[in-house]
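A structural walkthrough
Spelled out, the chains give:
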Amino acid sequence: MTTPLIILGAGASHDFTHPIHLGVSSHREHITFPITDDLISLVDTEIESRYSGFKTMRSLITSSIVSKRKSFEECVESWGDYEQRTALLLYLGDYFYKKSNDKQVEKLPNNFLALIDLIKKSPAKGANFVTFNYDLLLEKAIDPTLEQFFNLPDYVKNPIRIIKIHGSCDWYSLMSRVSTDIYSALKQHPEFFNKPNREILTKRWLNQPNSGANQFFHVPMISIPTTSTKYHSCPLEHIRILDENLPNTEKVLIIGWKAGDTFLLEKLRAIKKPVD
């Protein structure tokens, strides 16, 4: 029995519970996990107040979407203001981390819980998840305490593996302090947006390295959504595990993914057998 591949796009988290449980409009906005275009409307004002550059960027993107009928991803694709791009990166990390740990979210009936239960009862007893979502809904469906995911190698060592192609809201990449603040540092090294250091990673709750505790900036390890995201924000070991398992894959389940990510599309060519 080979291990099935399950691909989760933004729609999987957006529809993580039945609409009947979302309640009134104001409550729905508070706990809904947005798809990309909703990021300009489903805003956490408390987090936004920390990153003024994101507020400015959101206003400009909203105007652009209305006037030119562009998507959020299309707008971000060619965004040249690196201070605002940095603010977007920081905002997204904090936004999805806060929402993932919202007590109201944790109390709701959850489609991920049902999916994990089915996997555990299946003959395979496991699955290879590839997800593009920054949130922690899947991890919490497996272990509400997140102890099974305390360190980065933990994501791929059990029968149910999680490979987060575009990163996670609780991952940080460490960037040397080449400037006085993170905005200036990323402006000096814009390549970091497209090729973060995937070999120097940490979790939000782990301390900085003992030597030179202030020598790094904590940069959220997530890929900013664009129309042509060609890179991954994922530990190299996780990608290696994916590469090892793809050739023998016989079953694939896709939930809420529009098949627009060229990185994964290229990887899927490694599947040698017809799949169900």
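Before reading on, note that the structure itself is shown above.
First things first, this report covers the structure right here in the doc. (Residues numbered from 1 in each chain as written. Predicted model: local features only at pLDDT ≥ 70, side-chain atom pairs only at ≥ 80, totals over all residues. Heavy atoms only, no water.)

**Topic: the side chain of aspartate 135**
By the element assignment, aspartate 135 lies in the loop between β2 (127–131) and α9 (137–142). Within the buried set, aspartate 135 has no salt-bridge partner at all; the shortest N-O distance to an opposite charge, 5.7 Å, is to lysine 164. Within the structure, aspartate 135 has its side chain in polar contact with the backbone nitrogen of leucine 137 (distance 3.0 Å). Setting aside its immediate chain neighbours within four residues, aspartate 135 contacts Ser13, Phe33, Phe96, Ser100, Lys164 and Cys169. (Helix = DSSP H or I, 4+ residues; strand = E, 2+ residues; numbered from the N terminus. Buried < 20%, exposed > 50% of the residue type's maximum accessible area, 1.4 Å probe, protein only. Lys, Arg positive; Asp, Glu negative; His and termini not counted. Salt bridge = Lys/Arg side-chain N within 4 Å of Asp/Glu carboxyl O. Polar contact = N/O pair within 3.5 Å; in protein donor to acceptor, adjacent residues only side chain to side chain. Contact = heavy atoms within 4.5 Å.)

**Considerations on the pattern of salt bridges**
Within this structure, the stated rule accounts for 16 salt bridges. With a shortest N-O distance of 3.4 Å, glutamate 73 and lysine 258 are connected by a salt bridge. Of the two residues, glutamate 73 sits in helix α5 (residues 72–77) while lysine 258 sits in the loop between β7 (252–255) and α13 (262–268), which places them 185 residues apart along the sequence. The buried category is assigned to glutamate 73, whose relative accessible area is 16%.

**Examining the pairing of strand β1 (residues 5–8)**
A two-sided burial pattern is seen for β1, the buried positions comprising Leu5 and Ile7 on one face and Ile6 and Leu8 on the other. Note that β1 and β2 share four bridges and pair parallel. Counted as the bridge partner of leucine 5 is asparagine 128 from β2. Both β1 and β7 contribute to a ladder of four bridges, which runs parallel. Bridge pairing in β7 links isoleucine 7 to isoleucine 254. (Pairing = 2+ DSSP bridges.)

**Some details on the sheet that holds β7**
Across the sheet, four strands lie side by side as β3-β2-β1-β7; this open sheet has parallel pairing. Strand pairing shows two members of the sheet lacking a second neighbour, β3 (160–164) and β7, which therefore form its edges. If you compare each strand with its neighbour and ignore which way they point, the axes differ by 15° on average. Examined bridge by bridge, β2 and β3 share five bridges and lie parallel to one another. Of the residues in β3, the one forming a bridge with valine 130 is isoleucine 163. Against the sheet, helix α8 (residues 111–121) makes contact with β1, β2, β3 and β7, and its axis sits at roughly 155° relative to β2, the strand it touches most. This element, helix α12 (residues 236–245), spans β2 and β3 of the sheet and lies at about 120° to β3. (Axes fitted to C-alpha atoms, helices over the stretch in contact; angles between N-to-C directions.)

**Digging into the pairing of strand β6 (residues 216–222)**
Most of β6 sits out of view: seven of its seven residues are buried. By the bridge criterion, six bridges tie strand β4 (residues 167–176) to β6 in an arrangement that is antiparallel. Note that in β6 the partner of methionine 175 across the bridge is phenylalanine 217.

**Concerning the packing of helix α4 (residues 52–68) against helix α6 (residues 82–100)**
Running from amino to carboxyl end, α4 crosses α6 at an angle of 105°, the nearest separation of the two axes being 8 Å. Here α6 runs roughly perpendicular to α4, going by the angle between their axes. Facing Gly53, Phe54, Thr56, Met57 and Leu60 of α4, the residues of α6 in contact are Gln84, Arg85, Ala87, Leu88 and Tyr91. Counted by class, the contact of α4 with α6 contains six nonpolar, three polar and one charged residues. (Parallel < 35°, antiparallel > 145°, perpendicular 65-115°, else oblique. Nonpolar A, V, L, I, M, F, W, Y, C, P; charged D, E, K, R; others polar.)

**A word on the sheet that holds strand β5 (residues 201–203)**
Taken in spatial order, the three strands line up as β5-β4-β6 in an open sheet, and their pairing is antiparallel. Each edge of the open sheet carries a strand with a single partner, namely β5 and β6. Averaged over all pairs of adjacent strands, the angle between their axes in this sheet comes to 40°, without regard to strand direction. Sheet strands in contact with α6 are β4 and β6, and its direction is about 65° off that of β6.

**Some details on α4**
Its 17 residues place the ends of α4 24 Å apart at the C-alpha level, agreeing with the 24 Å of an ideal helix rising 1.5 Å per residue. Listed as buried for α4 are Gly53, Phe54, Met57, Ile61 and Ser64. Projection of α4 onto a plane perpendicular to its axis shows the buried side chains occupying an angular sector of 90°, all on one side. Along α4, the residues that are exposed and aim more than 90 degrees away from the buried face are Ser52, Lys55, Val66 and Ser67. (Expected span 1.5 Å × (residues − 1). Arc of directions from axis to C-beta.)

**Some words on unusual backbone geometry**
Residues other than glycine seldom take positive phi values, yet leucine 146 does so here, at roughly 65°. Judged by its relative accessible area of 9%, leucine 146 falls in the buried class. Notably, alanine 259 is not glycine yet its phi reads approximately 60°, a positive angle. Structurally, alanine 259 is set in the loop between β7 and α13. For alanine 259, a relative accessible area of 38% gives the class partly exposed.

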